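Structural overview
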Amino acid sequence: MKARRFIVIAFLASLSLVLTSPASSGGDYHFNIDSITISETSSADDSTGGIKEDIPAKYLDRYQAWKNEFLATETGHEQWHRYATDPILKLTITLTRDNAEGATTGKYKWSESGQLIAATIVLGNRLDEGYPNPIYFPVMNSLVPTGTANDVTGNTLAATKMAHEFGHVNRTAQVDGALYQLQTQLIPQYNKIFLSNGRNPKDPRLIELAQKIGGTPVEIWEDREYWGETNAMVFLRDRFTEERQLCPIFSRIRSRVDLYAKGYERRFLEIAQSVTAKGTCGW
Ligand SMILES: [Zn+2]
């Protein structure tokens, strides 16, 4: 798909500006950037809500282990229950060998009244391996092994990635569906102009487009990613009740946010503060 390639190119172009430190551990978590290039059509039967799990039999065991880990937390359980009983939104979860260590969320569909009625989460079949880069994924990257007893298991890593994807659905269900669809429609135009004008973001046509869609494509993309990451952080907050496990993770998240996502600090800080009330992990 042409538009998808443009977005990846534009994204990589901007990323190369950010990549001034060797801190990246690699891993193109959302290699296809599906959360922006959503499909206009939905493959699921959208007539009723709820969660539809479409998992190949050979991956059922590992999927169940990741899901159990997600459900073992208060936030995972609450969010799963909410979508499972949603009368309108159909959330489809699938598992594939493509993008094995990553996951994507997309295939969004809205009703005529603007309610989100369909979304699909695609999990990689090796979701329990691989650590996305620290720039856009400060929470998932905080789980990179340190060689100590506090390193998390593969199941926890996979469940954290599930939480990130649920975060995308949570956010998309809240935002203005019309704006989301306008972004999807105009971002390819933006990228086309950007790539043909010598990559000049001050081009009046681009400034006008950015005003219409609420930011540049990269700004829109990173805003969505950091919402995914906040949900991943809430999952970790609930998963680790002991300070000696949670505080090193929060401290690593903090340093990554400080370095790469300072403008988005507030949404992470609020989660950190939600535990400081209990006397844990000052941010
Ligand atoms: Zn994401």
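Shown above is the structure to which this text applies.
Given the structure is predicted, the values throughout are model-derived calculations rather than measurements. (Residues numbered from 1 in each chain as written. Predicted model: local features only at pLDDT ≥ 70, side-chain atom pairs only at ≥ 80, totals over all residues.)

1. Considering the overall build of the protein
A count of helices and strands for the protein gives 10 helices and four strands. For the protein, the succession of helices and strands along the chain, N to C, is α-β-α-α-β-β-β-α-α-α-α-α-α-α. For the protein, buried positions account for 41% of its 283 residues. Of the contacts formed within the protein by residues at least 6 apart in sequence, a portion of 78% connects residues at least 24 apart. (Helix = DSSP H or I, 4+ residues; strand = E, 2+ residues; numbered from the N terminus. Buried ≥ 20, exposed ≤ 12 C-beta atoms within 10 Å, placed from the backbone. Contact = placed C-beta atoms within 7 Å.)

2. Digging into the pairing of strand S2 (residues 90-96)
The element S2 is largely enclosed, with a buried count of five among its seven residues. Summarising the sheet, strand S1 (residues 50-54) and S2 pair through five bridges and their orientation is parallel. Its bridge partner lying in S2, Ile 51 is registered against Leu 91. Pairing analysis gives seven bridges linking S2 to strand S4 (residues 116-124), with the strands arranged parallel. (Pairing = 2+ DSSP bridges.)

3. Quick look at the nonpolar core
One finds Leu 123, Met 162 and Met 233 to be the most contacted residues of the largest nonpolar core, which totals 52 residues. Here the element with the most residues in this core is helix H5 (residues 154-174); it accounts for eight residues. If we ignore the near neighbours within four places in the chain, the residues touching Leu 123 are Ile 93, Leu 95, Ala 103 and Met 162. By size, the runner-up hydrophobic cluster in this structure holds eight residues, among which are Ile 187, Tyr 190, Leu 206 and Ile 220. (Core = buried A, V, L, I, M, F, W, Y, C linked by C-beta atoms within 7 Å.)

4. A word on unusual backbone geometry
With phi around 50°, Asn 99 is a residue other than glycine that occupies positive phi space. Here Asn 99 is to be found in the loop between S2 and strand S3 (103-110). On the basis of neighbour count, Asn 99 is assigned to the buried category, with 21 C-beta atoms found within 10 Å. Positive phi outside glycine occurs at Lys 107, with the angle close to 50°. With respect to the element layout, Lys 107 can be found in strand S3.

5. Re helix H8 (residues 217-239)
Taking 1.5 Å as the rise per residue, H8 with 23 residues should run 33 Å; its terminal C-alpha atoms sit 33 Å apart, in good agreement. Burial within H8 is extensive, with 20 of its 23 residues counted as buried. (Expected span 1.5 Å × (residues − 1).)

6. Here's the deal with helix H2 (residues 60-71)
An ideal rise of 1.5 Å per residue puts 16 Å on 12 residues; H2 measures up with 16 Å between its terminal C-alpha atoms. Those residues of H2 lying buried are Tyr 63, Trp 66, Lys 67, Glu 69 and Phe 70. Viewed along the axis of H2, the buried residues span an arc of 155°, placing them on a single side of the element. Residues of H2 that are exposed and point over 90 degrees away from its buried face: Leu 60, Asp 61, Gln 64 and Asn 68. In this structure, the buried side of H2 is in contact with helix H3 (74-84), S2 and H5. (Arc of directions from axis to C-beta.)

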